[in-house]
Amino acid sequence: MEKSTLMGFINRFYLGGQTQSAPVTSTKDKLSCSFINSAKSCVGDIVLDKGGFGDYEMGLYEIQDLIKLLNVLDGEISITADKVGDMVSQLEVKSTRTNAKVNYGLARLDVVSKKPDLTNVPDFGLEIEMDKQFINSFISGKGALSDIGTFAVISDGVDAKVVIGHSTTTQSNKVTIPVDTKKIESFDEPVYFDADTFKEVLSANKDCESATLYVSAAGLAKVNFKVDNFDASYVLVAKTTVD
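Draft legend 1. Fine view of helix α2 (residues 63-70). Residues of α2 that are buried: I63, Q64, L66, I67 and L70. Buried residues of α2, seen end-on, are gathered within an arc of 155 degrees and therefore sit on one face of the element. The inward-facing, buried residues of α2 contact α1 (3-14), β1 (21-26), β4 (56-61), β6 (87-95) and β7 (101-105).

Structure representation (C-alpha cells):
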C-alpha cells in the first residue's frame, strides 16, 4: 500500500483533528471505520477497498500521533499488527524502500468513541449537487471567514443556497454559494450546520468530482463520496445555537 492511500483513509475520519479516537476494522480485502467526531456534530462510515492487511479490530486513540509517525515514512509501506492475547496491541508500519519503520500503540476498543446507531432518520427534501466548484468555494469561503462556526442551508422551494455566516438578526460578513438541486422543497427556516466540520469533510474528499448533499428541514444532512477505492459517507447534525 502507498502511504498516501493510508493517509487518505485516516484523514477521511480524522477530519483535521475533529476525531480523536475511532475503531478500525481490517480484513484481507478492506479497511473500514465507523466514527463519531468529538463534537458529536458528525458521524460517518469510511471504507477503503483493497486496503486490508489481515483480520483485526483495532482501537485508534490520539490519532494525531499516528499521523505524525506516518510522516516519517514515504512511498510504499507494509503494515503488521501485533497481538497480546485477543487484543491487537500495536501496529508496525515499514517503508519497503528504506526499511525505516514506526510503531504505534493501539487502544482497547472499549475506550475509543463509537458511532451510535441512527434511528428515526427523516426524509431529505432537498438534494444539492456538489461539484468541484462548490467544494472549492466552500473551503475558500470558510478560510476567509475563519472565525465563523456555522453555515446555513436556505431554500424557498424554487432556489436554494448555502451561506457561511448567515444571520437573521445582524449585518455580518458572509459567503453565499448558489446551488443546483436535484430535488427541492421549501424550508420554513434556515438549517444550520457546523461549518468547520463540513469544511474538513470536503477537504478530506476534495479529489471527488461530484457528490450530492441531502438535507432535511428536521435538522440532518448526509453526503457520500466515492473516488478510487474510497467510499466515504457522512451524516451531519444541525446546530441548535448559531454563532
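We are not done yet, so read on.
Draft legend 2. View of the nonpolar core. One finds F9, I10, F13, M130, F138 and Y234 to be the most contacted residues of the largest nonpolar core, which totals 66 residues. With six residues, α1 is the single largest residue contributor to this core.

Draft legend 3. Fine view of the sheet that holds strand β14 (residues 210-216). Read across the open sheet, the nine strands follow the order β4-β1-β2-β3-β16-β15-β14-β8-β12; overall the sheet is antiparallel. Every other strand in the sheet has two partners, leaving β4 and β12 (181-183) as the edge strands with one partner each. Here the strands of the sheet are splayed against their neighbours by 15 degrees on average, with no regard to which way each runs. Note: β14 against strand β15 (residues 220-227), four bridges, orientation antiparallel. Its bridge partner lying in β15, V215 is registered against A221.

Draft legend 4. View of α1. Taking 1.5 Å as the rise per residue, α1 with 12 residues should run 16 Å; its terminal C-alpha atoms sit 16 Å apart, in good agreement. Judged by how many residues are buried, α1 sits mostly within the fold: nine of 12 residues are covered. Inspection of α1 places K3, L6, M7, G8, F9, I10, R12, F13 and Y14 among the buried residues, and these make up the whole buried set. Backbone geometry just after α1 places L15 at a positive phi near 50 degrees.

Thresholds, definitions, all that
Residues numbered from 1 in each chain as written. Predicted model: local features only at pLDDT ≥ 70, side-chain atom pairs only at ≥ 80, totals over all residues. Heavy atoms only, no water. Buried < 20%, exposed > 50% of the residue type's maximum accessible area, 1.4 Å probe, protein only. Helix = DSSP H or I, 4+ residues; strand = E, 2+ residues; numbered from the N terminus. Arc of directions from axis to C-beta. Contact = heavy atoms within 4.5 Å. Core = buried A, V, L, I, M, F, W, Y, C linked by side-chain atoms within 4.5 Å. Pairing = 2+ DSSP bridges. Axes fitted to C-alpha atoms, helices over the stretch in contact; angles between N-to-C directions. Expected span 1.5 Å × (residues − 1).

Structural measurements only, silent on function.
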